[in-house]
Amino acid sequence: MNVIVFGAHPDDCEIQVGGTAALLARKGHKVKFVSVTNGDAGHQDMGGGELARIRKAEAAAADKILGVTSVVLDNHDGELLPTLEVRKQLIREIRMWDADVVITHRPNDYHPDHRNTALAVQDTAYMVIVPNVCPDVPPLKKNPVYLYIRDRFQSPEPFRPDIIVPIDDVYEQKICALHAMPSQFYEWLPWTGGALDSVPKSDSERRSWLAKRMTGRYVNPYPQETAAFLGGDRARSVKLIEAFQLCEYGRQPSKEELRQMFGL
C-alpha cells in the first residue's frame, strides 16, 4: 500500500500521523510525508530562508526515524491559499506516489494553512484520475481513499473516528522523531504556549519532558468506538491512539477493508 500524508507545515504529519506511519512502514508499506509549506514563519526569533532550511533538515531527520519518505514544498508559511497551482502540485505528488491512501487535515481548523491544505487536498479527489488534468504525469487508475486527521474542533461538526490506530508500541519511536525537530518542540511551540521557561537544557531531560507533554494528545478518548472497531478484548489494552475520518470524496472501503488496510 502507498500512503501519502499532506500536512501544512514541517511537523504536522509527524505530530498527527507519526505513529501510524511508523506502524505501516514496519509492515512494508510505503509512506510519504508532504509539507505543503516550508515553515519559514514558524519561529519567534528567526524566519525566511534560514528557518526554512532548518525545518526541512529537521523533517528529514524525523522522517528517517519513522521510516518514511518526505518532501517539503516551497510555499510560504502563513500565506497558503487553495489555488489551482497548489492543487496541481498536490495532484502530481499523489500520482507520482501512486497513492492508495491520501491523508490530510480536516477543513475546519484553527490555522488558515491547515484549512487551505485540506481544501487543496480535497480538490485533488477524482481529479487524480482525469488524464487531461496535469497531463505531464500519468493519472491514477482509481480514486484513492481519502482520510482526515483527528482534531478536537466541534464546528460545523466534530471529528468522527472511522479508523482507530493503537500507537502504544511505537510511541517512543514517535517521540524520538519529534525530538529531532528542536526548533518546533523546544523553541517555537513552547514559546507560543507560554512554556518556554520550562524546557529543560539537557538532551535526555528534554526528551522525557516532551514525551510527558505530548502524551495527553494521544490518550484514547474513544473507548466505545475502539471496542467496535478493534474488538473488545484488544480495545482494553489500547491507551494511545491516532484516529482518522473517512472523507466522502474518495473511495469508500468497508470497515473490514479499512482494518485490513491498516493491519488492525
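Residues numbered from 1 in each chain as written. Predicted model: local features only at pLDDT ≥ 70, side-chain atom pairs only at ≥ 80, totals over all residues. Heavy atoms only, no water.

Caption draft 1: Just unusual backbone geometry, in detail. A cis amide bond links Ser155 to the next residue, Pro156, at an omega of 5°. Examined against the element boundaries, Pro156 turns out to sit in the loop between strand E5 (145-149) and strand E6 (163-166). Backbone geometry places Tyr126, a non-glycine residue, at a positive phi of 70°. The residue Tyr126 is located in the loop between helix H4 (112-122) and E5 in this model. Here the phi dihedral of Cys134 falls at roughly 50°; this positive angle occurs in a residue that is not glycine. By the element assignment, Cys134 lies in the loop between H4 and E5. By relative accessible area, Cys134 is classed as buried at 3%. (Helix = DSSP H or I, 4+ residues; strand = E, 2+ residues; numbered from the N terminus. Buried < 20%, exposed > 50% of the residue type's maximum accessible area, 1.4 Å probe, protein only.)

Caption draft 2: Seen up close, the pairing of E6. Here E6 shows a buried face lined by Ile163 and Val165 and a second buried face lined by Ile164 and Pro166. When E6 meets strand E7 (residues 241-246), the two strands line up antiparallel, connected through four bridges. Among the inter-strand pairings, Pro166 is bridged to a residue of E7, identified as Ile241. (Pairing = 2+ DSSP bridges.)

Caption draft 3: Region of interest: the packing of helix H2 (residues 48-66) against helix H5 (residues 171-179). Where H2 meets H5, the closest approach of the two axes is 8 Å, and the angle between their N-to-C directions is 165°. The pairing of H2 with H5 is recorded here as roughly antiparallel in orientation. H2 and H5 meet at a crossing whose hand is right-handed. The segment H2 lies against H5, with Ala62, Ile65 and Leu66 engaging Gln173, Lys174, Cys176 and Ala177. Split into classes, the residues belonging to the contact of H2 with H5 amount to five nonpolar, one polar and one charged. (Axes fitted to C-alpha atoms, helices over the stretch in contact; angles between N-to-C directions. Parallel < 35°, antiparallel > 145°, perpendicular 65-115°, else oblique. Left-handed = near helix turned anticlockwise from the far one by under 90°. Contact = heavy atoms within 4.5 Å. Nonpolar A, V, L, I, M, F, W, Y, C, P; charged D, E, K, R; others polar.)

Caption draft 4: Summary view of H4. Burial analysis of H4 places eight of its 11 residues in the buried class, the great majority of the element. Listed in full, the buried residues belonging to H4 are Asp113, His114, Asn116, Thr117, Ala118, Ala120, Val121 and Gln122. Of the surrounding secondary structure, the elements contacted by the buried residues of H4 are strand E1 (2-7), helix H1 (12-26), helix H3 (84-97), strand E4 (101-104) and E5.

Caption draft 5: The arrangement of the sheet that holds strand E3 (residues 69-72) in detail. On the basis of which strands lie adjacent, the open sheet formed by seven strands has the order E3-E2-E1-E4-E5-E7-E6 and mixed pairing. At either end of the open sheet lies a strand with only one pairing partner, and these are E3 and E6. Neighbour to neighbour, the strand axes of the sheet diverge by 25° on average, direction disregarded.

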